[in-house]
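# Structural features, examined
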Amino acid sequence: MDPSAVWRDRNHRWRIEAYRAPDLRFAVFATNGTTESAPLWLFGMGALARWLMTHAISLDDLETD
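Attention in this report is confined to the structure presented alongside it. (Residues numbered from 1 in each chain as written. Predicted model: local features only at pLDDT ≥ 70, side-chain atom pairs only at ≥ 80, totals over all residues. Heavy atoms only, no water.)

Scanning the protein chain from N- to C-terminus turns up one helix and six strands. From first element to last, N terminus to C terminus, the protein chain shows the α and β order β-β-β-β-β-α-β. Dimensions of the protein chain, computed from the C-alpha atoms along their principal axes, are close to 30 × 25 × 20 Å. The buried share of the protein chain, reckoned over its 65 residues, is 35%. Counted over contacts in the protein chain with a minimum sequence separation of 6, partners at least 24 positions apart contribute 25%. Split by element, the accessible area of the protein chain, about 4400 Å² in all, is 54% carbon and sulfur. With 7 positive and 9 negative side-chain charges, the protein chain shows a separation of 4 Å between the mean positions of the two kinds. (Helix = DSSP H or I, 4+ residues; strand = E, 2+ residues; numbered from the N terminus. Buried < 20%, exposed > 50% of the residue type's maximum accessible area, 1.4 Å probe, protein only. Contact = heavy atoms within 4.5 Å. Areas by Shrake-Rupley, 256 points an atom, 1.4 Å probe, with all protein chains shown as cover. Lys, Arg positive; Asp, Glu negative; His and termini not counted. Charge placed at Lys NZ, Arg CZ, Asp CG, Glu CD.)

It is worth spelling out the packing of aromatic side chains at this point. Here the structure, examined in full by the defined rule, presents two aromatic pairs. Pairing Trp-14 with Trp-51 gives two aromatic rings, centres 4.9 Å apart and planes at 85°, and the pair type is edge-to-face. With Trp-14 in strand S2 (residues 14-21) and Trp-51 in helix H1 (residues 45-54), the pair connects residues that are 37 residues apart, well separated along the chain. We note that Trp-14, like Trp-51, is buried. Summarising the aromatic geometry, the rings of Tyr-19 and Trp-41 are spaced 5.6 Å apart at their centres and angled 50° between planes, so their arrangement reads as tilted. Of the two residues, Tyr-19 is situated in strand S2 and Trp-41 in strand S5 (residues 40-43); the sequence distance between them amounts to 22 residues. Relative accessible area serves as the criterion here: at 36%, Trp-41 is assigned to the partly exposed category. Geometry around Phe-29 places Arg-15 over its ring, the cationic atom sitting 4.4 Å from the centre. (Phe/Tyr/Trp six-rings, centres within 6.5 Å; stacked < 30°, edge-to-face > 60°. Lys NZ or Arg CZ within 6 Å of the ring centre and 35° of its normal.)

Shape is all these values report; function is a separate question.
Okay, here's the thing in C-alpha cells:
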C-alpha cells in the first residue's frame, strides 16, 4: 500500500505518511539520520491533530516529501 501523501517537519525529525484504506490513517515515523522507528499509527484527522499539538508542530512546519 503506497501512501497518498508524505510530509516531514522542518527539522526532519518526523515523517508522516497518509493512507486512504478504507478509513483515513497516518503512519508517523521518528527519523534520525538514516534510521527510522517503527510506525505509530494514527486513525483519523483528530488523532493526527492531537499528535501534532502534543509535539508542538504546526501545519506551517510541515514540508512535502
